[in-house]
Each structure stands twice: as C-alpha cells, then as structure tokens.
Amino acid sequence: DMVQIAAFAFRFTGEALEPVPASGSIRIEAHHLSKQVRDRATGRPITLLHDINLVVEPGEFVAIFGYSGSGKSTLLDALSGRRRASSGQVLYNGIDFYKGFELFRRSIGYVPQQDIVHRKISVRKALYYTARLRLPPDTLTEEIDSHIVRVLKQVGLSGKELSPVDTPSPLSGGELKRVNLAVELIANPSILFLDEVTSGLDAATDKRMMQLFAELVSGQKTVICVTHTLENVEVCHLVLLLHRGEMVFFGPPKEAIGYFEVSRLSDVFERIEGISAEKLAERFRESDYYHFFVERRMSVHTDAECDHPVSTVSPMIKRQALAEWSQLPTLITRYLDLLVSDRRNLVMLLLQAPVIGALIGLVFGISGTPQERAVGESRIAFMLVISAIWCGCLNSTREIVKEVPVYLRE
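Here the structure is a predicted model, which is why all the values come from computation and not from measurement.

Visitor: How should the side chain of E29 be read in this particular structure?
Guide: Along the polypeptide, E29 turns up in strand β4 (residues 28-38). A polar side-chain atom of E29 sits 2.3 Å from a polar atom in the side chain of R27. Of note is the side chain of E29, whose polar atom sits 2.8 Å from the side chain of H31. Once residues lying within four places of it in the same chain are set aside, the contact partners of E29 are L54, V55, Q89, V90, L91, R297, M298 and S299.

Visitor: How do you make sense of the sheet that holds strand β2 (residues 8-12) when you look at a structure like this?
Guide: The strands making up a sheet associate through backbone hydrogen bonding, with each pair oriented either parallel or antiparallel. Across the sheet, which stays open at both edges, the three strands sit in the order β1-β2-β3 with antiparallel pairing between neighbours. Edge positions in the sheet fall to β1 (2-5) and β3 (17-19), since each has one partner strand and no second. For this sheet the average axis-to-axis angle between neighbouring strands, irrespective of direction, equals 30°. In terms of strand pairing, β2 meets β3 through three bridges, oriented antiparallel. Pairing of F12 across the sheet is with L17, part of β3.

Visitor: Hey, could you run me through the confidence of the model for the chain in this one?
Guide: In low-pLDDT segments, the atomic positions of the prediction should not be examined closely. Confidence in the prediction of the chain, expressed as mean pLDDT, is 87, and 93% of residues score 70 or more. For residues 301-315, every residue scores under 50 in pLDDT, and the model assigns this stretch 19 contacts once sequence neighbours within four places are set aside.

Visitor: Explain the pattern of salt bridges here, please?
Guide: Where charged atoms of side chains with opposite charge meet at close range, the side chains can pair. The final tally for this structure, using the stated rule, is 20 salt bridges. In this structure, R124 engages D145 in a salt bridge whose closest nitrogen and oxygen atoms are separated by 2.3 Å. Taken as a pair, R124 in helix α3 (residues 123-134) and D145 in helix α4 (residues 141-154) lie far apart in primary sequence, 21 residues in all. The exposure class of R124 is partly exposed, given its relative accessible area of 28%. Accessibility expressed as a relative area gives 27% for D145, which makes it partly exposed.

Visitor: What is the right way to look at the side chain of N345 in this model?
Guide: Within the fold, N345 resides in helix α13 (residues 343-363). Its relative accessible area of 13% is what places N345 among the buried residues. Those residues within four positions of N345 in sequence are excluded, and the remaining contacts are L339, R398 and E399.

Visitor: Hey, could you run me through helix α6 (residues 203-216) in this one?
Guide: Along an α-helix, residues three or four apart share an orientation, since each turn contains 3.6 residues. Taking 1.5 Å per residue, 14 residues should reach 20 Å; α6 reaches 20 Å between its end C-alpha atoms and fits that length. Where α6 is concerned, the buried positions are T205, D206, M209, M210, L212, F213 and L216. Along the long axis of α6, the arc covered by the buried residues comes to 155°, so they all point the same way. Away from the buried face of α6 by more than 90 degrees, exposed residues A203 and E215 are located. The secondary structure elements touched by the buried residues of α6 are β6 (61-66), α4, α5 (173-185), β10 (191-195) and β11 (222-226). Of the residues flanking the start of α6, the one acting as N-cap is D202, its side-chain oxygen 3.2 Å from the backbone nitrogen of A204.

Visitor: Would you take a moment to explain the sheet that holds β4 for this structure?
Guide: Strand order in this open sheet of four strands is β5-β4-β7-β8, and the pairing throughout is antiparallel. Each edge of the sheet is formed by a strand with only one pairing partner; in this case those strands are β5 (45-56) and β8 (95-96). Examined bridge by bridge, strand β7 (residues 87-92) and β8 share two bridges and lie antiparallel to one another. Residue pairing for β8: L91 is matched across the bridge by D96. Relative to the sheet, helix α1 (residues 72-80) contacts β4, β5 and β7, its axis offset from that of β4 by approximately 120°.

Visitor: It is not clear to me how the packing of aromatic side chains should be interpreted in this structure. Could you clarify?
Guide: Centre-to-centre distance and the angle between the planes together describe a pair of aromatic rings. Applying the stated criterion across every chain, the model contains 18 aromatic pairs. Between the aromatic rings of Y128 and Y129, the centroid separation amounts to 5.8 Å while the plane-to-plane angle is 70°, which identifies the pairing as edge-to-face. Since its relative accessible area comes to 7%, Y129 is described here as buried. Arranged with centres 4.9 Å apart and planes meeting at 80°, the rings of F292 and F293 form a pair that is edge-to-face. For F293, a relative accessible area of 12% corresponds to the buried category. The ring of Y110 carries the charged tip of R82 above its face, separated from the ring centre by 4.0 Å. The positively charged end of R283 is found above the aromatic ring belonging to Y259, 4.2 Å away from the centroid.

Definitions and cut-offs
Residues numbered from 1 in each chain as written. Predicted model: local features only at pLDDT ≥ 70, side-chain atom pairs only at ≥ 80, totals over all residues. Heavy atoms only, no water. Helix = DSSP H or I, 4+ residues; strand = E, 2+ residues; numbered from the N terminus. Polar contact = N/O pair within 3.5 Å; in protein donor to acceptor, adjacent residues only side chain to side chain. Contact = heavy atoms within 4.5 Å. Pairing = 2+ DSSP bridges. Axes fitted to C-alpha atoms, helices over the stretch in contact; angles between N-to-C directions. pLDDT = per-residue confidence, 0-100. Salt bridge = Lys/Arg side-chain N within 4 Å of Asp/Glu carboxyl O. Buried < 20%, exposed > 50% of the residue type's maximum accessible area, 1.4 Å probe, protein only. Expected span 1.5 Å × (residues − 1). Arc of directions from axis to C-beta. Phe/Tyr/Trp six-rings, centres within 6.5 Å; stacked < 30°, edge-to-face > 60°. Lys NZ or Arg CZ within 6 Å of the ring centre and 35° of its normal.

Here's what the structure looks like:
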C-alpha cells in the first residue's frame, strides 16, 4: 500500500513504512491533454490544446513559449488545476491530480502575470499574513520569522522587509515581481508555476529573474514558466513550444536551435510561420526528441492507484472548510492593517459621511411652518438613506473587486 501525505509518499511493506525515493518532490505527467471551449459569438467549439503528452521530472526548469494565443497559459492552468483540461489526465507522482487535488494544493505555488499582492503594507507583513494563512495553524511566530528571512534572502530582498509594497517607489518593478514570488515561496511549495512573470521587465532584470528561477530547482523543486522573452532560456533544462494548441517541440533549448535549423531560438517564430500546426506536431512525434523526452520518461504502468486518494477527498474538504473559518481572524487583522496603511483612502472613507451630511444640510432646510418642516425632514431622511446605500455599495463593491484576484490566488 501507498501512504501519501501531500507530496510525501511512503510504501508499506507489510512490516514498516519506507519513504519513496524523491519524496517531497513532484513528478508531472500529462496524458493526451486537450482543452475545448465554446466561442461566445458562434457557439462553436474551439480547441485551445490538442493531445498534449509531456513529463516534467522533479528538479527541472521548463519554459513554455509560443505565439500569443497558442495555449501557453491554458496549458499552465491545466497542469496547475486552475482551469482543468476538457479531456486527458494529469498525474502528480502517479496520482490523478484532478481527483486528488486536495492532496497537492499546499504543494503548489502559482505566480500570475499581473502583480497580485496587497499594496501599502510592508513586505514583511505581506509575507507574515501569507504564512499565517498557508502554513499549519500551530506554526510559531518565531518559525514564521525564520521563514520570512529565508525567503527574502532567497529572492534577493534582504533589507527590504520594512519597505511598503508599492512601485515605482520604494520598490522597483523587478523587486515587486520578487515580492510576488516570495509570497508563494513562503509556504515552500514543491512545484512552482510562473505565468509570464518577467513580462515588462528590462533585459538585465529578466536575466536575474530567470537565474533566480533556475536556482530554485536546485532543491528538487519543479518550476514551469510561461515566457515571451527567449534571450535567457538557456538556463532552463527544457523548453516547450506550442503552436495553435499543438506541442511542436519539447527538449533542451540548445537542441531546439538545431531541430528547427535556426541560428537563435527567437528565429523559430519566423521558421514555423505559415506551416500547419498539425504537420509540425506530427513531425515532432516522429522525431527522436519525442521518443527520448516524452515516451521514454512516461510511466510504464497505468494509473492503477489513482482511485486510492479519492475516498479521502470528501473529509479533507470538510476539514478545509473548518480551517477556512479559523483563518477569519487573520483575514480581519490583515484587512484592518491594509486600511490603516493606505492613509489617503482611509481619510476619504472617514470624510464621506460628514461631508455628505453637511451638503445635505446646506441644500435642505427645516424652517417654516410645521408642515414645511415635516416635508424638509422627510427629504433629508430620504437623502440620508439614499446616500448611505450609495456610499455603502460603492465602497464595498470596490473592496470586493480589489480582493477578488487575491482571493482566487490564495
């Protein structure tokens, strides 16, 4: 029997539990992965991914590139579980990922393209609240502090822990990207998904970020990155080229240059322009690269143990619901901290009621006969109620919209 605790696996021999090699790391297999959606205008199905097969070993840094709209982010979301594939199977350490998602959710880190991190609060507080939400509830404050120091050193932000999270001052664009990365690394995930996190950065910062990602895999972490910039992909172990939803290459970046007969990798786009994606995919499936980097690395057996963890998902979800309620004090504390940190917004919120009240008092009078005073008072009461509803809806809607990306990420 296999005993699995998140990314850690043990095999019961009949007498003892023995750790499985590479326990704590994650090996990804994708079998015949496809994704279809419906066109909102015509209602016809559109294929975003078609029959993707790949294997990513622990400790590998994989870059996914291709034309805009080729399915890069769709593939990344399918592998990470954010937007599941329409058909096919994703295996994490031989277990059906979609069925056993709860087993691996704490082992996954995801950094999106846009900067999704609370502004104005300090870098240390941003990491502290993330640690409180993602680390076990019995984690001591001293342990969290050591985690924060470790992560800040890892991403090269030592000395910036008291700086407010904001750009262009006091943090640069590259430093803000590192804060986003640090927020995910605080939970020490086994696998890290990066969706165009270097877009918009200068060449020097892009190079430093790619080198930083390459350093992360030294601890047997798996890093999968979507990128448009190909100048620094030589630090990756493997590159995956998508063309109109088809995988047309998967292998080392230096081998891709020879495979497409170009002088540099960025010339690949001109090489494949106008060529059918199906023909390119068929050519790749018949090549030695597909045999060596896909077929030979696939598991020999089928997923016979996939159904084992499914029976544990239901009670895990119940425990997760209880854990979410236990996070409420942390969420409230963080929100109050955000209000106090953004002083301009706080002042505007505090001034809304007295300013609107003063304006209503200037416009409507309550002098005259008793009947005139009654009419004036009713108008004032009506305007006060309308103002309270309007300001309340406006403020709460703004806060909800602001929090939605953070909520989805967390």
